[in-house]
Every structure is written in structure tokens, then in C-alpha cells.
Amino acid sequence: MRAPRVSAVLLAAGLGRRFGGEKLLHPVEGRALYLRAFEAVPAALFHQAAVVSGREEILTAARGGGYLPVSNPRPQEGQSLSVKLGLQAVWAEADGVLFAVCDQPWLRRESVEGLVTAWRGEPDRIFALSAQGRRGNPVIFPARFFLELAGLTGDVGGGTVLRRHPEALRLAEAGSPRELEDMDTPQ
């Protein structure tokens, strides 16, 4: 019996309104935020991996990193469009899809690997990275939730599906609470 196949979608199409502009291009310790996300969620860990963005620079880097570059020409429509576009790119052969945001500068590959390992133990459940019992990102959704994710509209993501199915959620502890921190402002 084969191990459950997990694919990944990196969401990199946000407009950075609270940040005041191109957040994912902002350097943190000398590396653009989106490149730090590529290091924490490398394409090689997954059956397939896609990066959804409206920026050509990010899509070009994604291609070079082994990801499927997925253009989101309408990021102003909200996160749900990125979720749908990414899901459509990778769901055909996946038993589960990991969704990751690209603004968590301290996320570590080891925690992402631990999340994938935990999900493979219960591949019918939703697994989220957590710190001290607090749910965060990334999150892996099994195939039974793909249609529900594809039906999202507006500026919402997988959290909407999580709230509808709290009984399906399991948590996998990150190496450090700092890994769940996202970057909303330059400070």
C-alpha cells in the first residue's frame, strides 16, 4: 500500500495592504519573504507543489524551485481565488493538499515535515501546525474537503472550512511558537 500523497499550495498573491505594499518581496535577514517560504515548504517534499501569485518575479522563482507557477490575475478578489487556482493545479493526484501562506518568516522545514508525517498517520483528518495548542498555518486538507475549498468565495481561506468541521481537526506542534508568527507590518 502506498503512502498517502500530499501536494502543496503556497499562497503568494496577497496585496499586502496592511504592510503597505509588496510584503513578500521584503527581505528578512537578507532573504525575500517568499524565498524563506520556499525554503520552509520545498517542492521536493511533495507529490506536486504550486505557488499562486500575481507577481512574475515570484512565479519565475517558483518555476526555478520546482513548483508549478500558477498566475492569479485578480488577487483583489480575495484569498479564495488563490485557494481555488492552487487546488485545481495539484488536486488530481493528491490525497491531501497542504496550504501555506508565504508571510511566516520563521517557519522551518522540520516543522512542515512533522506536519506531513502526522497527517499521513490520519489522512482523513485536517492537520494544522500549532504552537502550545494554538492553531496556525500551514494546514493540510484531505481530499474529502477539496470541493468545499473549491466553493469558497471572497477574501476567505481554509479557515472557513475548518470552522465548519472542528471535529476533523488535528494539531501538529511546531518546533517553536515563533514559527506561527506572520508578518503584517514592516515592524
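Up top you'll find the structure we're talking about.
Cut-offs applied
- Residues numbered from 1 in each chain as written.
- Predicted model: local features only at pLDDT ≥ 70, side-chain atom pairs only at ≥ 80, totals over all residues.
- Heavy atoms only, no water.
- Salt bridge = Lys/Arg side-chain N within 4 Å of Asp/Glu carboxyl O.
- Helix = DSSP H or I, 4+ residues; strand = E, 2+ residues; numbered from the N terminus.
- Buried < 20%, exposed > 50% of the residue type's maximum accessible area, 1.4 Å probe, protein only.
- Phe/Tyr/Trp six-rings, centres within 6.5 Å; stacked < 30°, edge-to-face > 60°.
- Lys NZ or Arg CZ within 6 Å of the ring centre and 35° of its normal.

A. Here's a closer look at the pattern of salt bridges. Scanning the model with the defined rule gives 10 salt bridges in all. As a salt-bridge pair, R74 and E77 come within 2.5 Å of each other at their nearest N and O atoms. Linking R170 and E122 is a salt bridge whose minimum nitrogen-to-oxygen distance equals 3.6 Å. Within this pair, whereas R170 is found in strand 9 (residues 169-173), its partner E122 is found in the loop between helix 4 (109-121) and strand 7 (126-131), the two being separated by 48 residues in sequence. Judged by relative accessible area, which is 25%, R170 ranks as partly exposed. It is possible to trace a salt-bridge network through shared partners that takes in R108, E110 and E179.

B. Region of the structure containing the packing of aromatic side chains. With the rule as written, the count across this model stands at four aromatic pairs. Between F38 and Y67 the ring centres are 4.8 Å apart and the planes differ by 40°, which places this aromatic pair in the tilted class. A residue pair is termed long-range when its members are at least 10 positions apart, and F38 in helix 1 (residues 33-40) and Y67 in the loop between helix 2 (56-64) and strand 5 (68-71) qualify at 29 residues. Looking at F38, the relative accessible area reads 9%, which means it is buried. With a relative accessible area of 5%, Y67 lands in the buried category. Put simply, the rings of Y34, F38 and Y67 touch in pairs and so form one group of aromatic residues. Cation over ring: R178 sits above W106, and NZ or CZ is 3.7 Å from the ring centre.

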